[in-house]
Amino acid sequence: MSLNKNAFSESTVQVGPDRTRPIADEKQPWNDFFVIDLPAPPSKPPIEALADCGLDAQGLTVSYDESAERYYIYISTRAGARKANLQCIWDATWPEFVQLEDKQLQEDYEELSNNRFEPIAIESAKESLKNSGLLERLPSRANFTSTAEFAIAIEHLCGFATNQILQVNGDEISMVPHHGSLSDSDFERIGCVFSALTASGEGKIGIIGNAPPAISDEK
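Residues numbered from 1 in each chain as written. Predicted model: local features only at pLDDT ≥ 70, side-chain atom pairs only at ≥ 80, totals over all residues. Heavy atoms only, no water.

K.L.:
I'm lost on the overall build of the protein in this one. Help?
P.N.:
A tally of regular secondary structure across the protein gives six helices and seven strands. Traced from its N-terminal end to its C-terminal end, the protein shows the element sequence β-α-α-β-β-α-β-α-α-β-β-α-β. Residues classed as buried in the protein amount to 47% of the 219 residues present. In the protein, once contacts between residues fewer than 6 apart in sequence are set aside, the share between residues at least 24 apart is 66%. For the protein, the computed accessible surface area is about 11100 Å², with 44% contributed by carbon and sulfur atoms. (Helix = DSSP H or I, 4+ residues; strand = E, 2+ residues; numbered from the N terminus. Buried < 20%, exposed > 50% of the residue type's maximum accessible area, 1.4 Å probe, protein only. Contact = heavy atoms within 4.5 Å. Areas by Shrake-Rupley, 256 points an atom, 1.4 Å probe, with all protein chains shown as cover.)

See below:
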């Protein structure tokens, strides 16, 4: 697992049990930060692939953002998305920003993403820590009386001072990367923190402030 340096442009990273939209509308957070083994990307453009899933193109709004190098896909109820074809929809769109008008289907879509990528991210994070000789020293949340103490232990594991990069609010841990020029050593330590938080399995990692713009099916 290696750190993607481009992920730290004016971003705050958050970890906690109450993160509600960690994957589908922010791409895969671990894909933004880490280089991991991912499934093969869809072989067809979104409209064509979604048509193969039985969706009505009249209910789809698809645009491409060249700067983000990904599609923004809005699937209205008119498109005909349903539980039965949701796996096909996910297979056709997983690398993109996806928003379904049906809230329950949106939650189900995100659950598919969680189930697919979270185990990969955790194993990749553990492998990264193992290669660095840090896995055996990885703090366990159960050994600390508070989330704040656990966060400090993560910082110390990765060479940061207390409260240097992690902030805690209740049971939620937020990561605030340095601003300005970062050295290779800084990136290595930040990557260590990401790996440690991911490997701990205590919460989902996501970017705050990097979500795609709102999409609607208004013409």
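K.L.:
Mind showing me how you'd approach the environment of Cys 158 here?
P.N.:
Position of Cys 158 relative to the elements: it lies in the loop between helix H5 (147–157) and strand S5 (166–169). Taking the relative accessible area as the measure of exposure, Cys 158 reaches 6% and is therefore buried. Separated by 38 residues in sequence, Cys 158 and Ala 196 have C-alpha atoms that sit 8.4 Å apart. Not counting the four nearest positions on each side in its chain, Cys 158 is found in contact with Arg 189, Cys 192 and Val 193.

K.L.:
Looking at this model, I keep getting lost on the pattern of salt bridges. Mind explaining?
P.N.:
Where charged atoms from two side chains of opposite charge approach closely, those side chains can pair. Using the criterion set out here, one finds two salt bridges in the structure. The salt bridge partner of Lys 44 is Asp 52, with a shortest N-O separation of 2.6 Å. Look at Lys 44 and you get partly exposed, because its relative accessible area is 35%. Where Asp 108 meets Lys 83, a salt bridge forms, and the shortest distance between an N and an O atom there is 3.3 Å. Here Asp 108 is found in helix H4 (residues 103–131), whereas its partner Lys 83 is found in the loop between strand S3 (70–75) and helix H3 (86–93), with 25 residues between them in sequence. (Salt bridge = Lys/Arg side-chain N within 4 Å of Asp/Glu carboxyl O.)

K.L.:
So what exactly am I meant to see when it comes to the sheet that holds S3 here?
P.N.:
Strand pairing in a sheet takes place through backbone hydrogen bonds and is either antiparallel or parallel in direction. Read across the open sheet, the three strands follow the order S2-S3-S4; overall the sheet is mixed. Because the sheet does not close on itself, it has two edges, and the strands there are strand S2 (60–65) and strand S4 (97–100). On average, each strand axis in the sheet is tilted by 10 degrees relative to the strand beside it, whichever way the strands run. As defined by bridge partners, S2 adjoins S3 across six bridges and the pair is classed as antiparallel. Looking at S3, one finds that Leu 60 is bridged to Ile 75. (Pairing = 2+ DSSP bridges. Axes fitted to C-alpha atoms, helices over the stretch in contact; angles between N-to-C directions.)

K.L.:
So what exactly am I meant to see when it comes to H4 here?
P.N.:
The periodicity of an α-helix, 3.6 residues per turn, causes residues three or four places apart in sequence to face the same way. For H4, with 29 residues, the first-to-last C-alpha span of 41 Å sits near the 42 Å given by 1.5 Å per residue. The largest bend in H4 is about 30 degrees, located at Phe 117, with the proline Pro 119 one to four residues further on. Among the residues trailing H4, Gly 133 stands out with phi positive, at a value near 75 degrees. (Expected span 1.5 Å × (residues − 1). Bend = angle between axes of the 7 residues up to and from the residue.)

K.L.:
What's the story with unusual backbone geometry in this structure? I'm lost.
P.N.:
What is expected of a backbone is that most residues other than glycine have negative phi and most peptide bonds are trans. Positive phi values are uncommon outside glycine, yet Glu 69 reaches one of about 55 degrees. Following the sequence through the fold, Glu 69 ends up in the loop between S2 and S3. Even without being a glycine, Asn 163 presents a positive backbone phi close to 60 degrees. Within the secondary structure, Asn 163 is located in the loop between H5 and S5.

K.L.:
Can you help me understand the environment of Gly 80 in this one?
P.N.:
Relative to the helices and strands, Gly 80 resides in the loop between S3 and H3. When the C-alpha positions of Gly 80 and Leu 60 are compared, they lie 9.8 Å apart, and in sequence the two are 20 residues distant. Among all residues touching Gly 80, those that are not within four sequence positions of it are Leu 55 and Asn 85.

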